Number of protein chains: 2
Amino acid sequence: MSDSNNQSPDLEPSSKKIKINHENDNTVSENQLELKDFILEKVLNNNTVRKQVCLQGKFRDKSGVALVVLEKNAFKNEDLDSKGYFSVDTELKTFFQNDIYGNYECFPRASINGIKTSITYPATEKHIAKFSQQETHIVLETPELYQKLTLPHIEKEQFNLQWVYNILEGKSEQDRIVYDNKCEQDGFVLLPDLKWDGITKETLYLLAIVRRRGIKSLRDLDETHLPLLKRIRDEGKKKIFEKYQVPASQLRVYLHYQPSFYHLHVHFTYLRHEAPGIYAEKAHLLDTVIGNIEMIPDYYKKATLPFTIREMDNIFKVYETNGHVQRIVKPDIENIELIDK
Amino acid sequence: MSDSNNQSPDLEPSSKKIKINHENDNTVSENQLELKDFILEKVLNNNTVRKQVCLQGKFRDKSGVALVVLEKNAFKNEDLDSKGYFSVDTELKTFFQNDIYGNYECFPRASINGIKTSITYPATEKHIAKFSQQETHIVLETPELYQKLTLPHIEKEQFNLQWVYNILEGKSEQDRIVYDNKCEQDGFVLLPDLKWDGITKETLYLLAIVRRRGIKSLRDLDETHLPLLKRIRDEGKKKIFEKYQVPASQLRVYLHYQPSFYHLHVHFTYLRHEAPGIYAEKAHLLDTVIGNIEMIPDYYKKATLPFTIREMDNIFKVYETNGHVQRIVKPDIENIELIDK
């Protein structure tokens, strides 16, 4: 299940992710692809919060589709001085001034105002779908709908969990493991999420993967899992404090529904980090999950659980065919209104 | 209760908000404040997701504190062509290239690469606190802690609800009302949230305010409120579809805990809009609330509810004094590590 709210799609397979070649750091590209040759055909997505735009087009005199993703860079500390943004080269345009408040637009010299640029060429239909803004819906999954639609779909799709078993069996990523409770019944492995660099507190993101197999998701949990869940909460928080000095009260500890893979796992993120997938329609705080099961042992077998799907997701078709959600009729992405705020 | 996750603070009182003076649109400022005279003293906050930085400093030869907020602009549609980002003036630096994927940094000419700039001068301690990054914590509020700490605090703070009553009594904002169900028992008023322009679907945000007085928050809800809650859900969704053509399945409908004011209200936002306060530790989907009460009529009187507080919030002191949360010892904001990703 993809994370419908993450409007910042991965740019490459994780194995290829942003490895800056520092030897080339100061050279201007002599690459055969040049931005001046890019001809825009469609704006696939314009994320005005993250300041990122995904574009589909062509390169002049070349065949095939090209995808260009532009994203404004975050501010760098070292540019906040009289040689950077506060230099005589920066122009200032006034919008309004009122009492002690003023709004302006400033234009620093180009060299400190870089834009992260990524090009995929030639791109396939799959690349285009990945970068396109998708219509997203909330579905309310009753226990009956879970049995009738979701469960058969999960079983049919046969998600490959070999990579999870490799971690649990010590065959891969062993150097990344932060904590390992080897109890086959209630143990778990704690390790940095692939999205995290493993260092920066501000973006802290770890994953606890349970040792016990066969617990697919939140839906399978009942009072027999309380010792497991409490162990993950308590030992997870303790180990993260020991290793990263982030106190328990500053951790967001949660499960996803639907999860991205159907082997029970728990997310730990730094409270101030706006990680993808922490929205109310997707994330369930572990403390709330424990509380619900303590009040009603079979809470998650009886509850109606909301989840979000994009129209491109396979499970959307299942719910659409059965009349539980309707496709938006006008998916003419060319005419999506762009907002500039 | 402030929204601890909204790292994009309001720049001005809402009455002063970004009114661009189009007559001055093309003039360069002749203002007495110039960025080249700004001397940085502290980085109060660096939001690397929103690409926004809040700075404290001084203007050369001027007394008093100045606050400067810089935020990269979102991409404008009209600049995505051969005169804008894809012009011969744009320089491209290569980070790496691998098969069909390439990562670069591009430097367009300064004039299309503006930065939203806001200056508050002279600034008070209150302005500084508002723009400063705050340590944030999650507290688990048991029913006992609610009775002992939260409720007395709410009652003591005596939040002024006159503006709410003015809306309900037809004394203000009547031209903004989208729908009004006048039933004193289960009626409500639906109107655009102050943060929304009332037009742009992509940032849709409405508020339903119940007519019945005395329901402070989620904590007060039980089975007697089910007709009210279902009416808000069903009529709210219906009216929003009629007026804005956003279907029910694309709406996120939720309550905040803690809320910003203690008179029951429900938020409606467009599912794809990354509105502030939609995180799992703050937002409770209305459908889940209804489901919980249907399973256990006094669910919200028995549940442990998490909520987030910042160390500057008054209620933090209440929980701190009673040993339920600990202040982070090193609030030396000067040494906050800045991330650039």
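Data block above holds the structure.
What this report covers is the structure whose coordinates are included nearby. Quantities reported herein were computed from a predicted structural model and do not represent experimental measurements.

Turning our eyes to something else, we now look at the packing of helix H2 (residues 143–157) of chain A against helix H7 (residues 314–321) of chain A. All names here are of chain A. Between H2 and H7, whose axes approach to 11 Å, the crossing angle comes to 150 degrees. If you check the angle between H2 and H7, you find them roughly antiparallel. Considering how the two elements wind past one another, H2 and H7 form a crossing that is right-handed. Counted together, Leu145, Leu149, Thr150, His153 and Glu157 of H2 and Asn314, Ile315, Val318 and Tyr319 of H7 form the full contact between these two elements.

All names here are of chain B. Read from one edge of the open sheet, six strands run S8-S9-S10-S12-S11-S13, paired in antiparallel fashion. Looking at the sheet topology across the chains shown, the edges are occupied by strand S8 (179–181) and strand S13 (283–285). Across the sheet, the mean angle separating the axes of adjacent strands is 25 degrees when strand polarity is ignored. Here three bridges tie strand S11 (residues 251–256) to S13, and the two strands are oriented antiparallel to one another. In the strand pairing of S13, Tyr254 is matched with Leu285. In this fold helix H4 (residues 226–244) packs onto S8, strand S9 (188–192), strand S10 (205–210), S11 and strand S12 (265–270), with an angle of close to 35 degrees to the strand it touches most, S9.

This part is about unusual backbone geometry. Each neighbour pair has its own omega, and for Tyr257 of chain A with Gln258 of chain A the value is -10 degrees, a cis peptide bond. Inspection of the secondary structure puts Gln258 of chain A in the loop between strand S11 (251–256) and strand S12 (265–270). Between Tyr121 of chain B and the following residue, Pro122 of chain B, the backbone shows a cis peptide bond with an omega angle of -5 degrees. Notably, Lys51 of chain A is not glycine yet its phi reads approximately 55 degrees, a positive angle. As for its placement among the helices and strands, Lys51 of chain A is situated in the loop between strand S1 (38–47) and strand S2 (52–59). Here Asp99 of chain A, not a glycine, exhibits a phi torsion of approximately 55 degrees, which is positive. Residue position: Asp99 of chain A is located in the loop between strand S4 (91–98) and strand S5 (101–107). Take Asp99 of chain A: its relative accessible area is 63%, and that puts it in the exposed class.

So, on to the side chain of His265 of chain A. Residues and elements named next belong to chain A. Checked against the element boundaries, His265 lands in strand S12. A polar atom in the side chain of His265 sits 2.8 Å from the backbone oxygen of His263. Sequence-distant contacts of His265, defined by excluding residues within four places in its chain, comprise Leu207, Ala208, Ile209, Leu255, Pro259 and Ser260.

Of the residues lining the interface, 121 residues belong to chain A; the matching set on chain B comes to 122 residues. Of the roughly 11,600 Å² buried where chain A meets chain B, counting both sides, 57% is carbon and sulfur surface. Seen at the junction of chain A and chain B, the total is seven salt bridges. Inspection of the chain A/chain B interface yields 45 residue pairs in polar contact (both at pLDDT 80 or more). Bridge count between strand S6 (residues 115–123) of chain A and strand S5 (residues 101–107) of chain B: six bridges; the pairing is antiparallel. Bridge pairing in S5 of chain B links Ser118 of chain A to Asn103 of chain B.

Residue and element names in this part refer to chain A. Within the structure shown, the criterion is met by 21 aromatic pairs over all chains. With a centroid separation of 4.8 Å and 70 degrees between ring planes, the pair formed by Trp163 and Phe261 is classed as edge-to-face. One end of the pair, Trp163, is in helix H3 (residues 162–168); the other, Phe261, is in the loop between S11 and S12, with 98 residues separating them in the sequence. Taking relative accessible area as the criterion, Trp163 reaches 37% and is therefore assigned partly exposed.

Turning our eyes to something else, we now look at the sheet that holds strand S1 (residues 38–47) of chain B. A sheet is described by the order of its strands in space; here six strands give the open sequence S4(A)-S5(A)-S6(B)-S3(B)-S2(B)-S1(B), paired in antiparallel fashion. The strands lining the two open edges of the sheet, one partner per strand, are S4 of chain A together with S1 of chain B. For this sheet, the mean angle separating the axes of adjacent strands, direction not counted, is 25 degrees. Strand direction decides the pairing type here: strand S3 (residues 65–72) of chain B and strand S6 (residues 115–123) of chain B, joined by seven bridges, are antiparallel.

What follows is about the side chain of Asn181 of chain B. Residue and element names in this part refer to chain B. Along the chain, the position of Asn181 falls in strand S8. Side-chain polar atoms of Asn181 contact the side chain of Glu235, separated by 3.0 Å. Setting aside residues up to four positions removed in sequence, Asn181 forms contacts with Gly187, Phe188, Arg211, Arg231 and Glu235.

The rules behind the values
- Residues numbered from 1 in each chain as written.
- Chains lettered and ligands numbered in written order.
- Predicted model: local features only at pLDDT ≥ 70, side-chain atom pairs only at ≥ 80, totals over all residues.
- Heavy atoms only, no water.
- Axes fitted to C-alpha atoms, helices over the stretch in contact; angles between N-to-C directions.
- Helix = DSSP H or I, 4+ residues; strand = E, 2+ residues; numbered from the N terminus.
- Parallel < 35°, antiparallel > 145°, perpendicular 65-115°, else oblique.
- Left-handed = near helix turned anticlockwise from the far one by under 90°.
- Contact = heavy atoms within 4.5 Å.
- Pairing = 2+ DSSP bridges.
- Buried < 20%, exposed > 50% of the residue type's maximum accessible area, 1.4 Å probe, protein only.
- Polar contact = N/O pair within 3.5 Å; in protein donor to acceptor, adjacent residues only side chain to side chain.
- Buried area = accessible area lost by both parts, 1.4 Å probe.
- Salt bridge = Lys/Arg side-chain N within 4 Å of Asp/Glu carboxyl O.
- Phe/Tyr/Trp six-rings, centres within 6.5 Å; stacked < 30°, edge-to-face > 60°.

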